[in-house]
Structures are given as C-alpha cells and as structure tokens.
Amino acid sequence: MRHIERTIDSIDYVLRGFIGACLILVMFIIFFDVVGRYAFNSPISWVYDIVAIYFLNAILYLMASETLRSGSHLALDLQVRLLPQRVWSLLQGAAWLAVAAVLALACWQIGGAAIRSLIAGEVHPGLYEWPVWLEKGIVAFGLALLVVRIGLRLTRFCLTGADARVFHTEDAHDAGALPPAALGEAAGGGRAR
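These lines cover the structure that appears in this document, whether it is placed above or below. (Residues numbered from 1 in each chain as written. Predicted model: local features only at pLDDT ≥ 70, side-chain atom pairs only at ≥ 80, totals over all residues. Heavy atoms only, no water.)

1. Let's talk about the overall build of the protein chain
What counts is decided by this rule: Numbering of helices and strands runs from the N terminus; a helix is a DSSP stretch of H or I covering at least four residues, while a strand is a stretch of E covering at least two. Note on exposure labels: buried denotes an accessible area under 20% of the residue type's maximum, exposed denotes more than 50%, and partly exposed covers the range between, all computed with a 1.4 Å probe on protein chains only. Working rule for contacts: check all heavy atoms of both residues, and any pair within 4.5 Å makes them a contact. We get accessible surface area from the Shrake-Rupley algorithm with a probe of 1.4 Å; when it comes to residues, only the shown protein chains can shield them.
Along its length, the protein chain carries 6 helices and 0 strands. When the 193 residues of the protein chain are sorted by exposure, 38% land in the buried category. Sequence separation of 24 or more characterises 70% of the internal contacts of the protein chain that already satisfy a separation of 6 or more. Summed over its atoms, the accessible surface of the protein chain is roughly 11300 Å², and 70% of this surface lies on carbon and sulfur atoms.

Here is the structure:
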C-alpha cells in the first residue's frame, strides 16, 4: 500500500509543477490578450476558450488529490461532544466512503463520456474546434487520482482499527506516527474535515 501512496504522491508532485506552469502561462496569455484588446484593438480570439475549457479544469481537478493530501482544502470544524470518539470515527469513515463512491461514479461517467467523445471526434462549436474528449479526460483523471487517494485513506482507516487520524493528517500514511495524545485532537475530539 505504501508503494501506491508514493506513486500517487509522485504523480501529484509532477502535476503540482505542471499546474504551476499552467497558472503562469494563463497569466501571460490573459495579459497579452488584455494588452491586445485595449492597446491595439486586437484581442486574441482563442483565449477565453482555452482558459475556460482546459486550463480551469486542469487547475481545479488535477490538484484535487494534492489538495487533500496537504490539507489545503476548506474544512468545517464541528464540535461533537455528545458522540463517543469511536462513533465519531466510524461516522467519518462512512462519510469518506460515501464521498469516494460518488466521486468514483462521476469519474466512471465522465471517463466513459471522454472515450465516446474521442471516438466520435466531438468538438466544441465555434471559431476553433477544441476537442471535447481532452476536457473530459482531464476531469476524469483528476477525479480518479482523488478517488485513489481517498481509497488509500479508507484502507488505512480499516487497517488501523477505525483510526480517523488518517483523514486529518497532512500526510495520512504517517498517521500511525502521531502520539496517542493527538488522537483526541485529530480523530474524535470534535475536529472534522
């Protein structure tokens, strides 16, 4: 299991660099479009399409797994003092299982749509015919990485006897290294992410 986690971490590391380069490229493209539009009355006609169709999807979906790994996502802290720690841990496991199931279904549907789009040669209508399969493929790949990461955390959750710390540490495969005192803070002491 640790080998799979390291592989996913490596993929996320590469994607993090790729997305960083994409963000810089988007800034330059938009800068030159704005200069062209307002200084020379000659905007770049494909800017909106390529940024909205491809770059935004890549930035949002290809970073989802890395965002979960690093804990950089928005989180809601709940104080659940009435529930026993064990019950709260099991509820977190059930919630993550539900999230993984929904995301896996979405990944399956979007991935299938991407393949059908590729076979059909589907393109976005407009001045430039941008392929639809690439847009859907980016989303499906990002969701697949996220589902694998959640699945790994759920597996570790089961292997650690329903220890919910695996859902809340920055690097979930090192959750077992947390001291026992951190259990109340990270797993059942009311902190949910």
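2. Regarding the packing of helix 4 (residues 85-120) against helix 5 (residues 132-159)
Worth spelling out the cut-off: Axis geometry follows a simple rule: fit a line to the C-alpha atoms, using only the stretch in contact for helices, then measure angles between N-to-C directions, giving values from 0 to 180 degrees. Any angle that falls under 35 degrees is termed roughly parallel, while one over 145 is termed roughly antiparallel, one within 65 to 115 roughly perpendicular, and all others oblique. The sense of a crossing depends on the near helix, which, turned anticlockwise from the far helix by less than a right angle, makes the crossing left-handed and, turned clockwise, makes it right-handed. Under this grouping Gly is polar, as are all residues other than the nonpolar Ala, Val, Leu, Ile, Met, Phe, Trp, Tyr, Cys and Pro and the charged Asp, Glu, Lys and Arg.
Remark: helix 4 packs on helix 5, axes separated minimally by 8 Å, with the N-to-C direction vectors making an angle of 155 degrees. As far as their axial angle goes, helix 5 and helix 4 are roughly antiparallel. Where helix 4 crosses over helix 5, the two elements pack in a sense that is left-handed. Of the residues that constitute the contact of helix 4 with helix 5, the class distribution is 24 nonpolar, 5 polar and 1 charged.

3. Points about the nonpolar core
Short version of the rule: We define the nonpolar core as a collection of buried residues of types Ala, Val, Leu, Ile, Met, Phe, Trp, Tyr and Cys that are connected through side-chain atoms lying within 4.5 Å of one another.
Core analysis: the largest hydrophobic core is formed by 19 residues, its most contacted members being Ile-50, Val-51, Tyr-54, Phe-55 and Leu-62. Going through the elements one at a time, helix 1 (2-39), helix 2 (47-61) and helix 5 are the ones with two or more residues in this core. Counting residues per element, this core draws most heavily on helix 2, which supplies 7 residues. Discounting residues that sit within four places of it in the chain, Tyr-54 has contacts with Asp-49, Trp-130, Pro-131, Leu-134, Glu-135 and Ile-138. Among the nonpolar cores identified, the runner-up in size contains 16 residues, and Leu-146, Phe-157, Ala-162 and Phe-167 belong to it.

4. Examining the packing of aromatic side chains
The line we're drawing: Stacked, edge-to-face and tilted are the three classes for Phe, Tyr and Trp ring pairs, Trp counted by its six-membered ring, which pair at centre distances within 6.5 Å; planes under 30 degrees apart are stacked, over 60 edge-to-face, the rest tilted.
What the rule picks out here adds up to 4 aromatic pairs. Ring centres of Phe-28 and Phe-32 lie 6.4 Å apart, and the angle between their planes is 20 degrees; on these two criteria the pair is classed as stacked. Separated by 4 residues within a single helix, Phe-28 and Phe-32 lie in helix 1, roughly one turn from each other. According to the relative accessible area criterion, Phe-28 is partly exposed, its value standing at 49%. A ring pair is formed by Tyr-54 and Trp-130, whose centres lie 6.0 Å apart and whose planes are at 75 degrees; its orientation type is edge-to-face. Of this pair, Tyr-54 sits in helix 2 while Trp-130 sits in the loop between helix 4 and helix 5; the two residues are 76 residues apart in sequence, bridging distant segments of the chain. The exposure class of Trp-130 is buried, given its relative accessible area of 18%. What links up through ring pairs into an aromatic cluster is the set Phe-28, Phe-31 and Phe-32.

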